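For reference, the chains in residue letters:
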Amino acid sequence: MDVNDYLMYTEEEREFREYVQKFCLDEIVPHEEKIQKENIYPREIIRKIGQAGLMSVHHPKDIGVGKYAGKGLVYETIVAEEVSAVVAGLDMARMSTATLYGKPISRFGTTEQIEKYLKPVIRGEKIGALGITEPNVGSDVAGMETHAESKDDGYLLNGRKKYITNGSQADYLCVFAITDSTVHAKQGMSAFIIENTMPGFKVVKDLDLMGMHGARVSELKFENIFVPKENILGKIGDGFAICMDELDSERVAIAAEALGYARPALEKAIEHSQIRVQFDKPIRYFEGVNFKIADMATELEAARLLTLNSARLYDKGLSITKEAAMAKIFATKMAVNVCDNAIQILGGKGYEKENKVERYYRDAKLMEIGGGTSEILRYLVQREIFKENKRKKD
Ligand SMILES: Cc1cc2nc3c(=O)[nH]c(=O)nc-3n(C[C@H](O)[C@H](O)[C@H](O)COP(=O)(O)OP(=O)(O)OC[C@H]3O[C@@H](n4cnc5c(N)ncnc54)[C@H](O)[C@@H]3O)c2cc1C
């Protein structure tokens, strides 16, 4: 066994990883090619993922399924990495339903909301999505235009959302809207659970993406959707806090997905560099190639440590805004670099679809954008550093 692997993961975590790898081999690998070629939405595999307990690990034990339910964010990073290493778009769909949608409900939902809107999603029977981003509003979440007005015993929701993963497939969505425009969004934003069957819910279209085959990312429109008051998540005015609460754990899980694209890309580069002979020797003997491999492996290991560190801190109940941002910035850049270098090492083969590295590269690029761009995350890291510095001085 790799000595670092031994130190980084506990025995139970390694056992869980083997369980996830076997699931991937049995249930995902046989469909990989079809998903990539035909870009089908793997609804049935998501159901199996739920049944196998792979959407339960970072939800409380009584909400989840299987013996690993409630184990925490480290376990979620293991699922995210392993599923992403086979089909990145599938993990995007899984994570959107289990984490992006699921976390706000498991942390802020009432018992009734958890029963009705979360448990079937965690079991893979229903699909969830999270709606924050809009055509005119991305990084500046506080500028949100979607709004909800109090009406009778509920709220009337109007607006548009864009780039919503699972948007066209979701049975349930956790949607953010402004409920009081006279104050800052920190107090004036609220979160609602809506159903795709509610009158006024419209899918405008699925977006045509650079990568992430298998995922659906949609533009949605809400026209006078009546949301009953039982579907308010948390309290009116809690929306901004709920939204921010979800993002830290999402960012760690995205960092883990990035490990999942980089790892097979590195493996392919190592393999190819030993087989490909030019100038009478395998290309691994040229420093132009083997130094790249050294850098790729070093960056991957550093990204894994940052990811695991932030997940372990989160599992201990600590605030990880800075650590999660650092892990995502570093791991997603690492994945883009490693995949880029893998293409280079494979030469012409790297540019051919059948060798997969060009796909890992296209998939990896998204993660520097979604869940908070690397620029916004750098803003957060420096803000937290100066806050810590001030606390030390006071
Ligand atoms: C495939 C995909 C799936 C997604 N899934 C979801 C989802 O399920 N739910 C959801 O709500 N959203 C989702 N998103 C949206 C995603 O979170 C946003 O794309 C992201 O937050 C950036 O917003 P934007 O695209 O509007 O870019 P913008 O905010 O317009 O930013 C454009 C550029 O300007 C930079 N920039 C902006 N402000 C600053 C600043 N203050 N300082 C420095 N640079 C700045 C950005 O870093 C970026 O480089 C998804 C996006 C994609 C592409």
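Residues numbered from 1 in each chain as written. Predicted model: local features only at pLDDT ≥ 70, side-chain atom pairs only at ≥ 80, totals over all residues. Heavy atoms only, no water.

(A) Here's a closer look at the packing of aromatic side chains. Tallying each qualifying case throughout the model produces nine aromatic pairs. Each ring, one from phenylalanine 16 and one from tyrosine 75, has its centre 5.0 Å from the other, and the planes form 50°; the classification is tilted. Pair noted here: phenylalanine 16 is in helix α2 (residues 11-28) and tyrosine 75 is in helix α5 (residues 73-86), with a separation of 59 residues, a long-range link. Taking 5.6 Å as the distance between ring centres and 35° as the angle between the ring planes, the aromatic pair formed by tyrosine 19 and tyrosine 68 counts as tilted. (Phe/Tyr/Trp six-rings, centres within 6.5 Å; stacked < 30°, edge-to-face > 60°. Helix = DSSP H or I, 4+ residues; strand = E, 2+ residues; numbered from the N terminus.)

(B) Here's a closer look at the state of the cysteines. Summed over the entire model, instances satisfying the criterion amount to zero disulfides. Note on cysteine 24: no disulfide assigned, nearest cysteine sulfur contributed by cysteine 339 at a separation of 18 Å. (Disulfide = S-S within 2.5 Å.)

(C) Local environment of the environment of glutamate 44. Here glutamate 44 shows up in helix α4 (residues 43-51). Taking relative accessible area as the criterion, glutamate 44 reaches 41% and is therefore assigned partly exposed. Distance from glutamate 44 to glycine 124, taken between C-alpha atoms, is 8.7 Å for residues 80 residues apart in sequence. (Buried < 20%, exposed > 50% of the residue type's maximum accessible area, 1.4 Å probe, protein only.)

(D) Representation of the site of the ligand within the structure. Near the ligand there are 19 residues, and of these Thr133, Ser139, Tyr163, Thr373 and Glu375 occur at the shortest range. In the environment of the ligand, an oxygen atom lies 2.6 Å from a nitrogen or oxygen atom belonging to the side chain of serine 139. In the model, an oxygen atom of the ligand is placed 2.6 Å from a nitrogen or oxygen of the threonine 373 side chain. In terms of residue class, the shell around the ligand is made up of 10 nonpolar, eight polar and one charged. Inspection of the shell around the ligand shows a minimum of three residues originating in each of domain 2 (129-239) and domain 3 (241-393). (Near = heavy atom within 4 Å. Polar contact = N/O pair within 3.5 Å; in protein donor to acceptor, adjacent residues only side chain to side chain. Nonpolar A, V, L, I, M, F, W, Y, C, P; charged D, E, K, R; others polar. Domains from an automatic or database assignment.)

(E) The arrangement of the pattern of salt bridges in detail. Considering all chains together, one arrives at 34 salt bridges under this definition. Salt-bridge contacts for glutamate 368 lead to lysine 365; the nearest nitrogen and oxygen are separated by 2.7 Å. On the basis of relative accessible area, glutamate 368 is assigned to the buried category, the value being 9%. Here the salt bridges share partners, and the residues they tie into one network are Glu81, Glu82, Arg263 and Arg304. (Salt bridge = Lys/Arg side-chain N within 4 Å of Asp/Glu carboxyl O.)

(F) Quick look at the domain arrangement of the chain. Taken domain by domain, the chain holds domain 1 (3-126), domain 2 (129-239) and domain 3 (241-393). Note on domain 2 versus domain 3: buried area summed over both sides is about 1000 Å², and carbon and sulfur give 73% of it. Per-residue buried area on domain 2 facing domain 3 is highest for Ser139, Met210 and Met212; these three make up 48% of the total on that side. The tally of links from domain 2 across to domain 3 stands at zero salt bridges. The interface formed by domain 2 and domain 3 contains seven residue pairs in polar contact (both at pLDDT 80 or more). Tallied by class, the residues present in the side of domain 2 that touches domain 3 amount to eight nonpolar, four polar and one charged. (Buried area = accessible area lost by both parts, 1.4 Å probe.)

(G) Fine view of the pairing of strand β1 (residues 128-131). Residues Gly128 and Leu130 line one face of β1 and the alternating positions Ala129 and Gly131 line the opposite face, and both faces are buried. Of the pairings in the sheet, the one linking β1 to strand β4 (residues 172-178) comprises four bridges and is parallel in character. Within β4, the residue paired with glycine 128 across the bridge is tyrosine 172. (Pairing = 2+ DSSP bridges.)

(H) Summary view of the nonpolar core. Among the nonpolar cores identified, the biggest contains 65 residues, and Tyr101, Phe176, Met189, Tyr261, Met296 and Met334 are the most heavily contacted of them. Secondary structure elements with two or more residues in this core: α6 (88-108), α7 (111-122), β4, β5 (189-195), α9 (239-275), α10 (287-315), α11 (321-346) and α13 (357-366). When residues of this core are assigned to their parent elements, the largest contribution, 14 residues, is made by α9. The contact partners of tyrosine 261, leaving out residues within four places of it in the chain, are Ser84, Ala88, Met212, Ala335, Cys339, Tyr360, Asp363, Ala364 and Met367. Residues Phe23, Ile28, Val87 and Ala324 belong to the second largest nonpolar core, which totals 53 residues. (Core = buried A, V, L, I, M, F, W, Y, C linked by side-chain atoms within 4.5 Å. Contact = heavy atoms within 4.5 Å.)

(I) Molecular detail of the packing of α4 against α6. Taken N-terminus to C-terminus, the directions of α4 and α6 make an angle of 55°; their axes are 11 Å apart at the nearest point. When the interaxial angle is binned, α4 and α6 end up oblique. Here α4 and α6 pass one another in a crossing that is right-handed. Along its contact with α4, which presents Ile45, Ile46 and Ile49, the element α6 presents Leu90, Ala93 and Arg94. In terms of residue class, the contact of α4 with α6 is built from five nonpolar, no polar and one charged. (Axes fitted to C-alpha atoms, helices over the stretch in contact; angles between N-to-C directions. Parallel < 35°, antiparallel > 145°, perpendicular 65-115°, else oblique. Left-handed = near helix turned anticlockwise from the far one by under 90°.)

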